[in-house]
Amino acid sequence: MPITYPGESAEYRAARDRLLEAEIRLRRQMEEVAAQRRALPAGGPLAEDYVFQGTEGAVRFSELFEAGLDSLVIYSFMFPRDPGDERPGPTSGRTALLPLKEGPCPSCVALLDQLDGTAQHAAQIVNLAVVATAPLEQILTFADERGWRRLQLLSSAANTYNRDYLAETVEGAQRPMLNVFHRDGEVIRHFWGSELLYAPTDPGQEPRHVGTLEPLWNLFDLAPKGRPNWDEQLDYPAF
């Protein structure tokens, strides 16, 4: 069936058809990359059965796997934020009382705002958890202030998970790594990590290490001006 929109020119249709061919190629490449990811050899076994603090008390890494779900997606939330991040912190609530350097990363928060809505769907197929090195009370307080209701939030303050799995620099600064683990019988293995965070980028590019997950930035890509030269904020006063 021919595709046309009201009032479009022949020039627009020809250019759009060429773009459609590129979009088809991109979709094929995304499927190819996903297949390569699924075909990775077995990763290294979990370094240790880390103990986190959760809403029900101490919880081991191995206990994050629900019965019948053998994959775990775990995101390292930069709370505290990067030491050089001077974007404004929360303007109200108990989290606003923290020194800026101890507060949450706005970009991580933007991603978690999106994942909170996804969590109930993801839970049918994979386990999903979010860890931060901030004390659990601070994490849960901010989650309540932010309106998160579905994310499993944990404190890694008392273990070395973040350091071991590339979510913390040698200086102790936090990094927004997303890691995936797979339970193979009695063994838990690392499956994949968002290493694009550390990979070289072309001029003008952002790391986009979890870019395919983020509706916000992919939505910007559909607009005529594309992705803005802009950082996510915790609040947008104009709205």
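Summary of the structure given here. Every value quoted in this text rests on a predicted model; they were computed, and no experiment measured them.

When its secondary structure is counted, the protein shows five helices and seven strands. If you list the helices and strands of the protein from N to C, you get α-β-β-β-α-β-α-β-α-β-β-α. Considering only C-alpha atoms, the protein reaches an extent of 65 × 50 × 35 Å along its principal axes. Residue burial in the protein is summarised as follows: out of 239 residues, 36% are buried. Contacts spanning at least 24 positions in sequence make up 59% of the contacts within the protein whose residues lie at least 6 apart. Summed over all atoms, the accessible surface of the protein reaches about 14800 Å², with 54% contributed by carbon and sulfur.

Residues three or four positions apart in an α-helix share a direction because the helix packs 3.6 residues into each turn. Listed as buried for helix H3 (residues 136–146) are Leu-136, Ile-139, Thr-141, Phe-142 and Ala-143. Those residues of H3 that are buried lie in contact with strand E1 (51–54), helix H2 (106–122), strand E4 (127–132) and strand E5 (153–155). Once H3 finishes, Gly-147 follows within two positions and takes phi at roughly 90°, a positive value.

Of the pockets and cavities examined, the largest pocket occupies roughly 2000 Å³. Around the largest pocket sit 49 residues that line it, and Met-30, Arg-37, Gly-211, Thr-212 and Leu-213 are the ones nearest its centre. Mapped by element, the contributors of at least two residues to the lining of the largest pocket are helix H1 (10–38), strand E3 (71–76), H2, strand E6 (178–184), strand E7 (187–193) and helix H5 (215–221). Here the lining of the largest pocket gets 11 residues from one element, more than from any other, and that element is H1. Of the residues in the lining of the largest pocket, the class split is 27 nonpolar, 14 polar and eight charged. For the second largest pocket, the lining is made up of 24 residues, of which Ser-107, Pro-176, Pro-207, His-209 and Glu-232 are closest to its centre. With three residues, the top contributor of residues to the lining of the second largest pocket is H2. Of the residues assigned to the lining of the second largest pocket, the class counts are 11 nonpolar, three polar and 10 charged.

This paragraph deals with the nonpolar core. Grouped together as the largest cluster of nonpolar side chains are 26 residues, with contacts concentrated most on Tyr-75, Phe-77, Leu-112, Trp-148 and Leu-151. Contributing elements (two or more residues each) for this core: E3, H2, E4, H3 and E6. A per-element tally of this core places H2 first, with six residues. Among all residues touching Leu-151, those that are not within four sequence positions of it are Leu-112, Leu-115, Asp-116, Ala-119, Leu-128 and Val-130.

This model, assessed by the stated rule, comprises 12 salt bridges. Here Arg-87 and Asp-85 are joined by a salt bridge, their closest N and O atoms 2.8 Å apart. As a salt-bridge pair, Arg-227 and Asp-221 come within 2.9 Å of each other at their nearest N and O atoms. With relative accessibility at 19%, the residue Arg-227 sits in the buried group. Since its relative accessible area comes to 38%, Asp-221 is described here as partly exposed.

Along the polypeptide, Phe-220 turns up in helix H5. Judged by relative accessible area, Phe-220 falls into the partly exposed class, the value being 22%. Between the C-alpha atoms of Phe-220 and Ser-194, which are 26 residues apart in sequence, the distance is 21 Å. Discounting chain neighbours no more than four positions away, the residues touching Phe-220 are Gly-226, Arg-227, Pro-228 and Trp-230.

Let's shift gears to the packing of aromatic side chains. In the structure shown here, the tally under the stated rule is 19 aromatic pairs. Taking 6.4 Å as the distance between ring centres and 50° as the angle between the ring planes, the aromatic pair formed by Phe-61 and Phe-65 counts as tilted. A relative accessible area of 0% places Phe-61 in the buried class. Among the residues examined, Phe-65 registers a relative accessible area of 7% and is labelled buried. Between Phe-61 and Phe-181, the aromatic rings sit 4.9 Å apart at their centres with planes inclined by 75°, giving edge-to-face as the arrangement. Of this pair, Phe-61 sits in the loop between strand E2 (57–60) and E3 while Phe-181 sits in strand E6, and the two are 120 residues apart along the sequence. Given a relative accessible area of 0%, Phe-181 falls into the buried group.

Conventions adopted
- Residues numbered from 1 in each chain as written.
- Predicted model: local features only at pLDDT ≥ 70, side-chain atom pairs only at ≥ 80, totals over all residues.
- Heavy atoms only, no water.
- Helix = DSSP H or I, 4+ residues; strand = E, 2+ residues; numbered from the N terminus.
- Buried < 20%, exposed > 50% of the residue type's maximum accessible area, 1.4 Å probe, protein only.
- Contact = heavy atoms within 4.5 Å.
- Areas by Shrake-Rupley, 256 points an atom, 1.4 Å probe, with all protein chains shown as cover.
- 1 Å grid on protein atoms, 1.4 Å probe; cavity = no way out; pocket = protein on both sides within 12 Å on 5 of 7 lines; lining within 4 Å.
- Points joined across faces, edges and corners; volume = space filled by probe spheres on them.
- Nonpolar A, V, L, I, M, F, W, Y, C, P; charged D, E, K, R; others polar.
- Core = buried A, V, L, I, M, F, W, Y, C linked by side-chain atoms within 4.5 Å.
- Salt bridge = Lys/Arg side-chain N within 4 Å of Asp/Glu carboxyl O.
- Phe/Tyr/Trp six-rings, centres within 6.5 Å; stacked < 30°, edge-to-face > 60°.

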